2 protein chains.
Amino acid sequence: MPSTIHLLGAGPVGCLAAILLRQRGFETVIFERRSDSRKAGAYGGRSINLALSDRGFTALEAAGLADEIRQVGLPMPGRLVHDLQGSVQFQPYGQGGQAIYSVSRSGLNYKLMDLAEQNGVQIHFDARCVDVDHQARTMILEKGQGRETLAFDVLLGTDGAFSALRYALQKTDRFEYSQSYLPHGYKELHIPPTASGDFAMDPNGLHIWPRGQFMMIALPNPDRSFTCTLFYPFEADPARGVALGLNEIQNDDLVLQVWNQYFGDTLPLMPTLLDDFHNNPNASLITVRCSPWNLGNTCLLGDAAHAIVPFYGQGLNAGFEDVRMLIAQVDENAITPQSSAEAWAETLQHFGSKRKPDGDAVAQLALDNFVEMRDKVADPRFVFQKKLEARLHQAYPDRWVPLYSQVTFQPQTPYHIAYQNGQEQQKFMNRILDLIPVDKINDEAWIDDLLRQEIQHFV
Amino acid sequence: MPSTIHLLGAGPVGCLAAILLRQRGFETVIFERRSDSRKAGAYGGRSINLALSDRGFTALEAAGLADEIRQVGLPMPGRLVHDLQGSVQFQPYGQGGQAIYSVSRSGLNYKLMDLAEQNGVQIHFDARCVDVDHQARTMILEKGQGRETLAFDVLLGTDGAFSALRYALQKTDRFEYSQSYLPHGYKELHIPPTASGDFAMDPNGLHIWPRGQFMMIALPNPDRSFTCTLFYPFEADPARGVALGLNEIQNDDLVLQVWNQYFGDTLPLMPTLLDDFHNNPNASLITVRCSPWNLGNTCLLGDAAHAIVPFYGQGLNAGFEDVRMLIAQVDENAITPQSSAEAWAETLQHFGSKRKPDGDAVAQLALDNFVEMRDKVADPRFVFQKKLEARLHQAYPDRWVPLYSQVTFQPQTPYHIAYQNGQEQQKFMNRILDLIPVDKINDEAWIDDLLRQEIQHFV
């Protein structure tokens, strides 16, 4: 009878899963390969933030943490799109008070680790899993110089994009696996508060500098700084206006040349640009797909199952939602510390097979959204389409919820359904846009009439 | 100066590469994780065979082995297609004496290991590589209970579909990787010689029992037996006529039921069918794609770089051709035991980037050919198309070489070019087939006239 659940990785997903299982009476033990970042001050003064939205909050609610996190997060109700001339256009993400939240990754993780330990979850740091035998239900743990073999009843892999459990599963028969990198890298940069201690830009949104093949974004931090991220091709592509690859922008002159040309309005706001640019690494962007997520009494959750690119702001939301859905399956199957290993295997199998299409969908949505963010948000046709969609949403809220809203604000819609809906919506919008002649673009009555007729055909 | 080349895996590809490098003055050391199969009699009495064709022979010629292997191989000039009624139709692979050869895998490997050692290649058996650090140029070897770290200058991964070098490269930044399995498994079966010591079927061809969603094939062995392979879906698919999955065919009655229904003509020829069926495993069929094949002074070759399904008979041919092309690059770059590590890195980079598209192409060709073998060879339209193509090839040998011939008999055409040509040819043939009315199907003069007109438009 598996009364103890082992987890790999004390990141936000692992902690949340452990807390919710602990609340159901299970002993929960997490092995984390890193040191305790709460003690080490590993994140230092700099904030690394992420976007949290309704799917993430819905899952956090189960641990009673949603309100607390929402209160320290900074709401971003829309995009703030910077053009080359430095003027900024606001594009709302949703309606009314709908917003995504800029949240400190480390702060969120600390809170979840603290809450986990308060609930009686054991977290062992500096304990790296190097192999798992899913049939024997043993894993090999490396602690310092030593190795030990440890038996488990149930093992959850919440150990991120480079999951040790997944590497082990990869070597089992008929395991489908792919890892793929974008041709773009990213680099983190910094906009500090102003001399008077204020935000240097409007904090009420996610700033984007869309430049076609590349872009920069900036998210506000509670300390009134912004964390900026430049997404830029590793390799030069002169035919597409990328004269130098990210790895080739190596001296101050070249950095300033790029900034003057593309991000001029941020230059006065980034006093440490050159140092940041040279000191911070060029990191890569991986997408991982695999199947099955579960094997025997082991299961992957979060990035371990579906590492995705960050462009939909759904990475952690998807991971938290995995946890919510696993726990829902645990409850549905009436799994308790007295349940059999077989009942657990079946529960993990139900979860894994049901959830996998959502992992595929959110991975694809994230890839698609990169093109939207770096290119389309600056395209008048796209902006016009977004306005039409908002109009449709307002007039026909039951028939039309924009894809972004389905993904971000509508946790009751599984990702894979949202993705399918989005495909249908785009076909519909392409037709509508073709039906609107140039001289009617500002004729709201004419357009409303058209939408009223056409929406009838949209199922 | 890398005067020693290390290789992982003493299979045919590793041995051939080691021999050719040894002939160029390099010390060559192979680590093989298995025991010496020549001593262990690992392959026992049963033959496991593979198809060798012109690409493989061209590479073997460099080691002076082509004629010897061709002489012990059994030529298969075409397919022998068995229908449900037991009648057999011959479909030639090429023209005149063109044939692929059924060759014993173990016999070929023994010969190559012997020749390698005669040439001074060191082969260390029971030495398993468990990790590689391509930057430090070290690998960890496991021998019995012990582990040791070993430095290398150049490391070639010829260690097959589950390559240790590739697993190590997979964890390096921006390494593209995918492994994917067919929904079909395979099981090896046996047709012994007749009581009088003869072949139980015509040995002059590759026997196929195409049954739509599944098939059996049989290749002749020098001992006058046949090795049969059943390719069958793991899971039932009643909508497509697959009542039971391979894993569900578990008792004698079910085996006989399948055989009576689909492979009736072989029942009298397979006295050990039931034993073989129960004793031999249901094996799976992997396709591996990765990039880059080379990193620093390491490089993947053969199945390690591009494990493919067996349906084009190109697996080992592609691996041998990798070796031929690597050696061509070594010679072109004038690499000698006095060359620098950097010159080697550059050579491996040239080879890897140039050869990768061919690995992708042959993987796709092999997947496509499964549908051809199990389904299309029994389709009258397909058979008619093959006849038209043979006609075109004969009348316009410079303008039309069938795809199969380009892949199998034309090593001077890279796989990726053959693949592109094949795509164009299929479009052309689709149009031709649509242009031929039913009443002209047997009107050779009319058809020749049509082909003469149309081939002018085919570039």
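Look above for the structure.
First, a word on what this report is: a plain description of the structure on this page. (Residues numbered from 1 in each chain as written. Chains lettered and ligands numbered in written order. Predicted model: local features only at pLDDT ≥ 70, side-chain atom pairs only at ≥ 80, totals over all residues. Heavy atoms only, no water.)

Moving on, we get to the overall build of chain A. The helix and strand inventory of chain A stands at 15 helices and 19 strands. Over its C-alpha trace chain A gives a radius of gyration of 23 Å, about what one expects of a compact globule, namely 23 Å for 459 residues. Considered along the principal axes of its C-alpha atoms, chain A spans approximately 70 × 55 × 40 Å. Relative to its full complement of 459 residues, chain A shows a buried share of 53%. Contacts in chain A between residues far apart in sequence, at least 24 positions, make up 69% of those at least 6 positions apart. With the model as given, the accessible surface of chain A reaches about 19,200 Å², and the carbon-plus-sulfur share is 49%. Between the centroid of the 39 positive side chains of chain A and the centroid of its 54 negative side chains there is a distance of 2 Å. (Helix = DSSP H or I, 4+ residues; strand = E, 2+ residues; numbered from the N terminus. Rg over C-alpha atoms; globule rule 2.2 N^0.38 Å. Buried < 20%, exposed > 50% of the residue type's maximum accessible area, 1.4 Å probe, protein only. Contact = heavy atoms within 4.5 Å. Areas by Shrake-Rupley, 256 points an atom, 1.4 Å probe, with all protein chains shown as cover. Lys, Arg positive; Asp, Glu negative; His and termini not counted. Charge placed at Lys NZ, Arg CZ, Asp CG, Glu CD.)

Bringing the interface of chain B and chain A into the picture now. For interface size, the figure often reported is the accessible area lost on association. Listed per partner, the contact involves 19 residues of chain B and 19 residues of chain A. Of the roughly 1,700 Å² buried between chain B and chain A, counting both surfaces, carbon and sulfur atoms make up 35%. Our count for the contact surface shared by chain B and chain A stands at two salt bridges. With a closest N to O distance of 3.8 Å, Glu235 of chain A and Arg174 of chain B form a salt bridge. At the junction of chain B with chain A, the criterion picks out 13 residue pairs in polar contact (both at pLDDT 80 or more). Mapped by element, the contributors of at least two residues to the side of chain B that touches chain A are helix H6 (164–170) and strand S13 (176–191) of chain B. By residue number, the principal contributor to the side of chain B that touches chain A is S13 of chain B, which donates eight residues. (Buried area = accessible area lost by both parts, 1.4 Å probe. Salt bridge = Lys/Arg side-chain N within 4 Å of Asp/Glu carboxyl O. Polar contact = N/O pair within 3.5 Å; in protein donor to acceptor, adjacent residues only side chain to side chain.)

Quick look at the nonpolar core now. Counting 147 residues, the largest nonpolar core has Leu60 of chain A together with Leu60 of chain B as the members making the most contacts within it. For Leu60 of chain B, the contacting residues outside a window of four places in its chain are Leu16, Leu52, Leu65, Ala66, Ile69, Leu108, Leu112 and Phe320 of chain B. (Core = buried A, V, L, I, M, F, W, Y, C linked by side-chain atoms within 4.5 Å.)

With that settled, consider the pairing of strand S17 (residues 283–291) of chain A. Residue and element names in this part refer to chain A. Most of S17 sits inside the fold, with seven of its nine residues counted as buried. Bridge count between strand S13 (residues 176–191) and S17: eight bridges; the pairing is antiparallel. Bridging across to S17, Tyr186 finds its partner in Ala283. (Pairing = 2+ DSSP bridges.)

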